[in-house]
Amino acid sequence: MFLFGKKANAAKQLDEKLERIQNNFENNYKDAAQLNLKEFAALLGTFLEEGKLSEKQKEYYERQLSELEERLRNFTHKDQKPTWVP
């Protein structure tokens with residue numbers, strides 16, 4: 001897909017944030033994944049307000065946000081069990 005201008009730049013920035021979240025999640029970097037999720041949500045909100053996303057992009061990134069929020073809901077150190085359980 002070829003995108004040009006502001007919409008391509010916005011999508012690229014959001015995709016980079018999604019990649020960071022995924023990498024941190026896979027490496028069990030809980031605090032970093034949560035931080036990147038907050039950054040992604042803020043960046044998405046900014047781009048939506050500024051109209052930098054097409055309708056199709058808007059739907060895609062909003063769906064990604066809701067899926068990630070659900071997936072990372074209890075992905076924190078405070079929810080980690082203090083002992084190893086077989």
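This text gives an overview of the structure that appears in the document. (Residues numbered from 1 in each chain as written. Predicted model: local features only at pLDDT ≥ 70, side-chain atom pairs only at ≥ 80, totals over all residues. Heavy atoms only, no water.)

1. Considerations on the packing of helix 2 (residues 30-50) against helix 3 (residues 55-71)
Link 1 in the chain: For the pair helix 2 and helix 3, interaxial distance at closest approach is 11 Å and the crossing angle is 155°. Relative to helix 3, the element helix 2 is oriented roughly antiparallel. You can see that helix 2 and helix 3 cross each other, and the crossing is left-handed. Where helix 2 approaches helix 3, its residues Leu 37, Phe 40, Ala 41, Leu 44 and Leu 48 are matched on the opposing element by Lys 58, Tyr 61, Glu 62, Leu 65, Leu 68 and Glu 69.
Link 2 in the chain: A class-by-class count of the residues in the contact of helix 2 with helix 3 yields eight nonpolar, no polar and three charged. (Axes fitted to C-alpha atoms, helices over the stretch in contact; angles between N-to-C directions. Helix = DSSP H or I, 4+ residues; strand = E, 2+ residues; numbered from the N terminus. Parallel < 35°, antiparallel > 145°, perpendicular 65-115°, else oblique. Left-handed = near helix turned anticlockwise from the far one by under 90°. Contact = heavy atoms within 4.5 Å. Nonpolar A, V, L, I, M, F, W, Y, C, P; charged D, E, K, R; others polar.)

2. Thoughts on the nonpolar core
Among soluble globular proteins, nonpolar side chains are generally buried collectively.
Link 1 in the chain: Leu 14, Phe 40, Leu 44, Leu 53 and Tyr 61 are the most contacted members of the largest nonpolar core, which has 16 residues in total.
Link 2 in the chain: Counting only elements with at least two residues in this core, the list comes to helix 1 (6-26), helix 2 and helix 3.
Link 3 in the chain: Here the element with the most residues in this core is helix 2; it accounts for six residues.
Link 4 in the chain: Excluding anything up to four places from it in sequence, Leu 44 contacts Leu 14, Leu 53, Tyr 61, Glu 62 and Leu 65. (Core = buried A, V, L, I, M, F, W, Y, C linked by side-chain atoms within 4.5 Å. Buried < 20%, exposed > 50% of the residue type's maximum accessible area, 1.4 Å probe, protein only.)

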